[in-house]
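# Architecture and fold: a report
Take a look at the letters that make up each chain.
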Amino acid sequence: MEVSDEEDDDWFGSRFNDGVNEEEEEEEEEGFVFYDDDVKDEEGFASDFYKAGSDWSCLVGEEDEETVVSSEKNKKKMRQSDLFQSWGLQESSPDTTKKMKQTDLFQIWGLQKKPSPFTSPASTSAKKTNTTGLGKRRRDSLFSNDSPRPCPFYKKLPGTPFTVDAFRYGCVQGCSAYFLTHFHADHYIGLTKAWSHGPIYCSSLTSRLLRLSLSVNPSFIHPLELDVEYSINGIKVTLIEANHCPGAALIHFRLLDGTCYLHTGDFRASKQMQTHPLLYNQRVHVLYLDTTYCNPRYKFPSKEDVLSYVVRITKDFLRKQPKTLIVVGSYSIGKECVYLAISKALGVKIFANASRRQILQSFGWDDISKNLCTDGKTTCLHVLPMSSLKVERLDEHLKNYREQYGAVLAFRPTGWTYSEKIGEHLDLIKPTSRGKITIYGVPYSEHSSFTELREFVQFLRPDKIIPTVNNANAENREKMQSCFREWLRR
């Protein structure tokens, strides 16, 4: 997959391509394959961005001038130099018009060992990240980054000494509290056992994962309970269930002057959120919104409908082939509801490897802890990494249990499997079948669909909306803010 500054006919280019590379599916769902936060904090850019509210047409790069839609309130065009150059992703040269390869981005981000040709001003004074001893964890090795870059302005909360999901930038000037919305790698990137830049505030479950999986020094971790108001540096902070992965939280901030921010991190909007006292009783002035699927093509079926479909397919398959091994793909955390639904429907235990069992047991959820088993031969329900849901790998997995099972039925639950042609008609899904292996891609997403985002925004009616995904260039921003303006007119 190539990443370039040239958009295709789709809304947000390669970010929303239908043909998702299966080898990268886990990374894409969690978001860390794509550049999402390297907007340069040029003088005046941040203030103009916030003043613009949900209309950012005044914030354009030179390469976007032909697509400019002038703001009625602000006729000034905010000129940026070439975006890749201003982000530090390319040096000025005649070759800067060529497409940037994803491998180039990995090197730039520090995800590969080839040294980046760019050095952040902060790198000379910030402590280097130490990943020694973490080699067993693939993501720790991938996300080690010895050259922190300047923190993007939209990861900082104006009027506060706070940042959100901004650990990859080393010690952020003026930041006295670092907030983490959830334990997915694209949000905690930069956190290791060497972290010493300041206190980390997150949910209790996420705090346990920081200690267990990343060995972060407990003295820096400050767990917060959901729905409890805390005063941090004089600012009222409350965590709200995000309906994403275990431990994920929306973060509500109320400043001394009454200004309220809501940062969604990653979330799937739900009706239940509209009943929360902080959301229906208080105005949200600035909404930091997860815009992963802010595209009209994405209208996911409900989680409940997908779970019912998965259970029905499983029962029907077992009725025809009783000696079938059921496999559910999952990330380090997330998708637990899918295999829990199968476990409860069939009355069977859940097999996972030792490291996944350790993580699942750290949740403190009885319905998971009591149903885990250590021997894959004693249960027909197995949980494997999402990247293992390929015919060849599943065939190899089946060989280990050939005396117990003769076929594999696997589910790949991710929003990237969604198809407009199928929509909510799940019975139209056609599995991939080869030999003894059958794989269903089911649109079980833990991010908000386009329609859910619209309903959430129309419920909150914030003064300003700051997208946290796909905000890298003026064309994307204009497409999203066009949606926001339309939603708020109703």
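None of the values given here were measured: they were computed from a predicted structure.

### Here we look at the side chain of D290
Looking at the secondary structure, you find D290 in the loop between β13 (286-289) and α9 (303-320). According to the relative accessible area criterion, D290 is buried, its value standing at 1%. Only 2.9 Å separates the side chain of D290 from the side chain of H447, close enough to count as a polar contact. Setting aside anything within four residues of it in sequence, one finds D290 in contact with T264, G265, D266, F267, H447, L453, T468 and V469.

### Comments concerning the packing of aromatic side chains
Under the criterion given, the structure shown has 19 aromatic pairs. When the ring of F183 is compared with that of Y188, the centres are 4.5 Å apart and the planes differ by 25 degrees; the resulting orientation is stacked. F183 sits in the buried class, given a relative accessible area of 1%. Exposure remark for Y188: the relative accessible area of 2% places this residue in the buried category. The interplanar angle of 55 degrees and the centroid separation of 5.5 Å between the aromatic rings of F484 and W487 together place this pair among those described as tilted. Placement of the pair is F484 and W487 together in helix α15 (residues 474-489), with a separation of three residues, close to one helical turn.

### A word on the sheet that holds strand β9 (residues 230-232)
Strand order in the open sheet formed by six strands is β9-β10-β11-β12-β13-β21, and the pairing between neighbours is mixed. Each of the sheet's edge strands pairs with one partner strand only, and the pair in question is β9 and β21 (464-467). In this sheet, neighbouring strand axes are inclined to one another by 25 degrees on average, regardless of whether the strands run parallel or antiparallel. Pairing analysis gives four bridges linking strand β11 (residues 249-254) to strand β12 (residues 260-263), with the strands arranged antiparallel. Each bridged residue has a counterpart across the sheet, and for R254 the counterpart in β12 is C260. Taken strand by strand, helix α14 (residues 450-460) contacts β12, β13 and β21, and its axis lies near 165 degrees from that of β13.

### A look at the pairing of strand β14 (residues 324-330)
Extensive coverage of β14 is indicated by the burial of seven of its seven residues. Taking every second residue as pointing to the same face, both faces of β14 are buried, with T324, I326, V328 and S330 on one and L325, V327 and G329 on the other.

### Digging into the confidence of the model for the protein chain
Within the protein chain, residue pLDDT values average 78, and 70% of them lie at 70 or more. This model gives residues 1-45 a pLDDT under 50, and the stretch forms 156 contacts once residues within four places in sequence are excluded. Under a pLDDT of 50 for its full length, residues 52-145 has, in the predicted model, 179 contacts with residues more than four places off or in other chains.

### Details of the packing of α9 against helix α10 (residues 336-346)
Between α9 and α10, the shortest axis-to-axis distance is 9 Å and the interhelical angle comes to 45 degrees. The angle between α9 and α10 places the two elements in the oblique class. Taken as a pair, α9 and α10 cross one another with a handedness that is right-handed. Contact residues: α9 offers L307, V310, V311, T314, K315 and L318, while α10 offers C337, V338, A341, I342, A345 and L346. Of the residues contributing to the contact of α9 with α10, the split by class is ten nonpolar, one polar and one charged.

### What to know about the packing of α14 against α15
Between α14 and α15, whose axes approach to 9 Å, the crossing angle comes to 55 degrees. Regarding the angle of α14 to α15, the classification is oblique. The way α14 lies across α15 gives a crossing that is right-handed. Residues F450, L453, R454, V457 and Q458 of α14 form the contact with α15, whose participating residues are C483, W487 and L488. In terms of residue class, the contact of α14 with α15 is made up of six nonpolar, one polar and one charged.

### Notes on the environment of H182
Structurally, H182 is set in the loop between β6 (177-179) and α6 (185-188). Once residues lying within four places of it in the same chain are set aside, the contact partners of H182 are H187, T206, H244, C245, A248 and D266. Side chain to side chain, H182 and D266 meet in a polar contact 3.3 Å long.

### Quick look at unusual backbone geometry
Positive phi outside glycine occurs at N243, with the angle close to 55 degrees. Mapped onto the secondary structure, N243 falls in the loop between β10 (235-241) and β11. Positive phi outside glycine occurs at R461, with the angle close to 50 degrees. Mapped onto the elements, R461 comes out in the loop between α14 and β21.

### Quick look at the nonpolar core
If you look at the biggest cluster of nonpolar residues, it comprises 97 residues, and the most contacted ones within it are L191, I200, L210, F267, L289, F411 and F456. Ranked by residue count, the leading element in this core is α9, at eight residues. With residues near it in sequence (within four places) discarded, I200 still touches F167, Y178, L180, L191, W195, L210, V216, F220, I221 and H222. With 21 residues, the next largest nonpolar core counts F153, V164, Y201 and I232 among its residues.

Cut-offs used in this document
- Residues numbered from 1 in each chain as written.
- Predicted model: local features only at pLDDT ≥ 70, side-chain atom pairs only at ≥ 80, totals over all residues.
- Heavy atoms only, no water.
- Helix = DSSP H or I, 4+ residues; strand = E, 2+ residues; numbered from the N terminus.
- Buried < 20%, exposed > 50% of the residue type's maximum accessible area, 1.4 Å probe, protein only.
- Polar contact = N/O pair within 3.5 Å; in protein donor to acceptor, adjacent residues only side chain to side chain.
- Contact = heavy atoms within 4.5 Å.
- Phe/Tyr/Trp six-rings, centres within 6.5 Å; stacked < 30°, edge-to-face > 60°.
- Pairing = 2+ DSSP bridges.
- Axes fitted to C-alpha atoms, helices over the stretch in contact; angles between N-to-C directions.
- pLDDT = per-residue confidence, 0-100.
- Parallel < 35°, antiparallel > 145°, perpendicular 65-115°, else oblique.
- Left-handed = near helix turned anticlockwise from the far one by under 90°.
- Nonpolar A, V, L, I, M, F, W, Y, C, P; charged D, E, K, R; others polar.
- Core = buried A, V, L, I, M, F, W, Y, C linked by side-chain atoms within 4.5 Å.

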